[in-house]
Amino acid sequence: MKKRVASPIVLLGSRLLSPYIMVFGLYVIFHGHYSPGGGFQGGTLLAASLLLIRISSGRRISRIQFSDYLTTPLAVVGVLIYFGTGLVALFAGGYFLDYGQLPIPGLDGAELRYWGILIIELGIGLTVMAVLVSIFDDMVRGEDE
Amino acid sequence: MLTTAIIALEADDLLIAVVMLTIFSFLNALLFTTMGAVDVGFTEAVVGAGVTGILLVVAIYQTTYETVD
């Protein structure tokens, strides 16, 4: 947003609120196996905590927290985590995204599926967070230039 | 919930419409949670009441506040 004086009260409130939203988003991602939630909701919560700082402060402060040229590489890394896990399971002898075939030593079938879903959801959450922040940055950048 | 939907459709100020749409989305999430679909309600609360409101407010800041029809 351009040419608006940043209120210190609003900035302090969103600075207090944003880390708790971020911690809750990480909790939702990491507990997505046996409670409601998962990669999409957790990634959206992470994006909401970033967008809160981006709305309440200007571009200069929000660039210190999370630069806008980081969004597209992080989205690509998330997609590569997802498809990489699927393709590793495919080449290890199973189907695509067949978590039971992941070649991680020392784990049996149930634990393999547990960790496979966790890795998949980390990728999904990273991609959703980066893409939502990227959409916001593109909309605001159209205003500034 | 129906009241907020009608206000969101009939308001002339678009910021009022966006806020009413967010309240509608939040009540919808509460309804989903009450009916047992916690996952759907969670998604609705996060996406509908959070990110959509932010993106619509940004869109309003780039265009106009008032409807023309």
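Remember, predicted model here, so these are calculated numbers, not experimental data. (Residues numbered from 1 in each chain as written. Chains lettered and ligands numbered in written order. Predicted model: local features only at pLDDT ≥ 70, side-chain atom pairs only at ≥ 80, totals over all residues. Heavy atoms only, no water.)

### Quick look at the overall build of chain B
Rules: In this text, helices come from DSSP runs of H or I with a minimum length of four residues, and strands from runs of E with a minimum of two, each type numbered from the N-terminal end. Categorising residues by exposure relies on relative accessible area from a 1.4 Å probe, with only protein chains included: less than 20% of the type maximum marks a residue as buried, more than 50% marks it as exposed, and the intermediate range marks it as partly exposed. Residues are treated as being in contact if the distance between any of their heavy atoms lies within 4.5 Å. Accessible surface area values rest on a Shrake-Rupley calculation with a 1.4 Å probe, where residue burial reflects the displayed protein chains alone.
Counting its secondary structure elements, chain B contains 3 helices and 0 strands. Counting from the amino terminus, chain B carries its helices and strands in the arrangement α-α-α. Expressed as lengths along the three principal axes of its C-alpha atoms, the size of chain B is roughly 40 × 25 × 10 Å. Evaluated residue by residue, chain B yields a buried proportion of 29% over its 69 residues. Counting only contacts in chain B whose residues sit at least 6 apart along the sequence, the fraction spanning at least 24 positions is 51%. Accessible area for chain B stands at about 4,100 Å²; split by element, carbon and sulfur atoms hold 73% of it.

### A few points about the UniProt feature "domain: MrpA C-terminal/MbhD" (unreviewed entry) in chain B
Here is the rule we go by: UniProt positions are given in the numbering used here, feature names are shortened, and annotations may be inferred rather than shown by experiment.
Those places that UniProt annotates as "domain: MrpA C-terminal/MbhD" (unreviewed entry) correspond, in this numbering, to residues 1-63 of chain B. A helix fraction of 87% and a strand fraction of 0% characterise residues 1-63 of chain B, whose end C-alpha atoms lie 28 Å from each other.

### Quick notes on the UniProt feature "transmembrane region" (unreviewed entry) in chain B
Residues and elements named next belong to chain B. Under the UniProt annotation, the feature "transmembrane region" (unreviewed entry) is placed at residues 14-33 and 45-64. What you have in residues 14-33 is 100% helix and 0% strand, and the ends, taken at the C-alpha atoms, are 29 Å apart. Secondary structure content for residues 45-64 is 90% helix and 0% strand, while the C-alpha to C-alpha distance between its ends is 27 Å.

### Focus on the packing of helix α2 (residues 14-34) of chain B against helix α3 (residues 38-62) of chain B
Residue and element names in this part refer to chain B. Stated precisely, the cut-off is as follows: Note on definitions: angles span 0 to 180 degrees between N-to-C directions of axes, and those axes are lines fitted to C-alpha atoms, for helices only across the stretch in contact. Oblique is the label for any angle not covered by the other classes, which are roughly parallel (under 35 degrees), roughly antiparallel (over 145) and roughly perpendicular (65 to 115). Just so you know the grouping, Ala, Val, Leu, Ile, Met, Phe, Trp, Tyr, Cys and Pro go in nonpolar, Asp, Glu, Lys and Arg go in charged, and all remaining residues, Gly too, go in polar.
Interaxial distance between α2 and α3 falls to 8 Å at its minimum, and their mutual angle equals 175°. The angle between α2 and α3 places the two elements in the roughly antiparallel class. Contacts between α2 and α3 involve Leu14, Leu15, Val18, Leu21, Thr22, Ser25, Phe26, Asn28, Ala29, Phe32 and Thr33 from the former and Val40, Gly41, Glu44, Ala45, Gly48, Ala49, Gly53, Leu56, Val57 and Ile60 from the latter. Here the residues of the contact of α2 with α3 sort into 13 nonpolar, 7 polar and 1 charged.

### Focus: the interface of chain A and chain B
Going by this rule: Buried area adds together the accessible area that both of two parts lose upon being put together, with accessible area traced by a 1.4 Å probe. In what follows, salt bridge is the name for a side-chain nitrogen of Lys or Arg lying within 4 Å of a carboxyl oxygen of Asp or Glu. Here a polar contact is taken to be a pair of N or O atoms separated by no more than 3.5 Å, where protein atoms must pair a possible hydrogen donor with a possible acceptor and residues adjacent in sequence count only if both atoms sit in side chains.
Between chain A and chain B, the contact holds 18 residues from the first and 13 residues from the second. Carbon and sulfur atoms make up 82% of the area that chain A and chain B hide from each other, which totals about 1,500 Å². Taken together, the connections running from chain A to chain B amount to 0 salt bridges. At the junction of chain A with chain B, the criterion picks out 2 residue pairs in polar contact (both at pLDDT 80 or more). Looking at the side of chain A that touches chain B, the elements that each hand over two or more residues are α1 (8-30), α2 (39-56) and α5 (109-144) of chain A. In terms of residue class, the side of chain A that touches chain B is built from 13 nonpolar, 3 polar and 2 charged.

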